[in-house]
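One-letter residues, chain by chain:
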Amino acid sequence: QVQLVESGGGLVQAGDSLRLSCAASRRPFSSYFMGWFRQAPGKEREFVATISWSGGSTYYGDSVKGRFTISRDNAKNTVYLQMNSLKPEDTAVYYCAVGAGYSVSAAPASYNYWGQGTQVTVSS
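Note that the coordinates shown come from a computational prediction; the quantities given were computed from them, not determined experimentally.

S.K.: Describe the pattern of salt bridges, naming the residues involved and giving the relevant values.
M.R.: A pair can form between side chains of opposite charge whenever their charged atoms are brought close. Taken as a whole and judged by the stated rule, the model has four salt bridges. Ionic pairing is found between R38 and E46, a salt bridge with its closest N-O pair at 2.9 Å. Looking at E46, the relative accessible area reads 30%, which means it is partly exposed. Between D90 and R38 there is a salt bridge, and its shortest N-O distance comes to 2.9 Å. With D90 in the loop between β8 (78-83) and β9 (92-100) and R38 in strand β4 (residues 32-39), the pair connects residues that are 52 residues apart, well separated along the chain.

The following block contains the structure:
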């Protein structure tokens, strides 16, 4: 079993920035893609971003395009989410996830491991 631990969440004002981190307890697969999802109270889980093993391919949900950037450090088994120009609508628990292989994916079913989440709250 692989554990994923998210960090970096907090309370910020609209327009501020945060950087989330997610570290895996060990290398989960020979090659793997990583992603971020979020869930607000009473809402369905929403895709945020995904990144390929090499870091060469990224994909973002429409609601965060142009504001968020996903990156990774394979030596640390870590994925990051740089969040700029935060809006109150970004308030949610953010989860990182890992899937096996070289592909990126926006589908939760493609991911094998999930973190416990970190809270991001954006005030007006």
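S.K.: Got a sec to walk through the environment of C22? Specific residues and values, please.
M.R.: Tracing the backbone through its elements, the reader meets C22 in strand β3 (residues 18-24). The spatial distance from the C-alpha of C22 to the C-alpha of V79 is 5.3 Å, given a sequence separation of 57 residues. When residues no more than four places from it in sequence are discounted, the contact partners of C22 are L4, V5, E6, M34, W36, N77, T78, V79 and C96.

S.K.: Describe in detail the packing of aromatic side chains, supporting the description with residues and values.
M.R.: The full count for this structure, using the stated rule, is eight aromatic pairs. Taking 5.3 Å as the distance between ring centres and 85 degrees as the angle between the ring planes, the aromatic pair formed by F37 and Y111 counts as edge-to-face. Of this pair, F37 sits in strand β4 while Y111 sits in the loop between β9 and β10 (113-114), and the two are 74 residues apart along the sequence. The same class applies to F37 and to Y111, which are both buried. Ring geometry for F37 against W114: centres 5.0 Å apart, planes inclined by 50 degrees, an arrangement best described as tilted. Taken together, the residues F37 in strand β4 and W114 in strand β10 connect sequence positions 77 residues apart. An aromatic cluster of three or more residues is present, and its members are F33, F37, F47, Y59, Y111 and W114. A cation over a ring is seen here: R19 above Y80, with NZ or CZ 4.2 Å from the ring centre. Sitting over the ring of W114, R45 keeps its end group 4.6 Å from the ring centre.

S.K.: Mind laying out the nonpolar core, listing which residues take part and the relevant values?
M.R.: In this structure, W36, L81, M83 and Y94 are the most contacted members of the largest nonpolar core, which totals 29 residues. Sorting the residues of this core by element identifies β3, β4, β5 (46-51), β7 (68-73), β8, β9 and β11 (118-123) as the ones contributing at least two each. Not counting the four nearest positions on each side in its chain, M83 is found in contact with D16, S17, L18, L20, R67, F68, Y94 and V120. Residues F33, F47, A97 and Y111 belong to the second largest nonpolar core, which totals five residues.

About the thresholds
- Residues numbered from 1 in each chain as written.
- Predicted model: local features only at pLDDT ≥ 70, side-chain atom pairs only at ≥ 80, totals over all residues.
- Heavy atoms only, no water.
- Salt bridge = Lys/Arg side-chain N within 4 Å of Asp/Glu carboxyl O.
- Buried < 20%, exposed > 50% of the residue type's maximum accessible area, 1.4 Å probe, protein only.
- Helix = DSSP H or I, 4+ residues; strand = E, 2+ residues; numbered from the N terminus.
- Contact = heavy atoms within 4.5 Å.
- Phe/Tyr/Trp six-rings, centres within 6.5 Å; stacked < 30°, edge-to-face > 60°.
- Lys NZ or Arg CZ within 6 Å of the ring centre and 35° of its normal.
- Core = buried A, V, L, I, M, F, W, Y, C linked by side-chain atoms within 4.5 Å.

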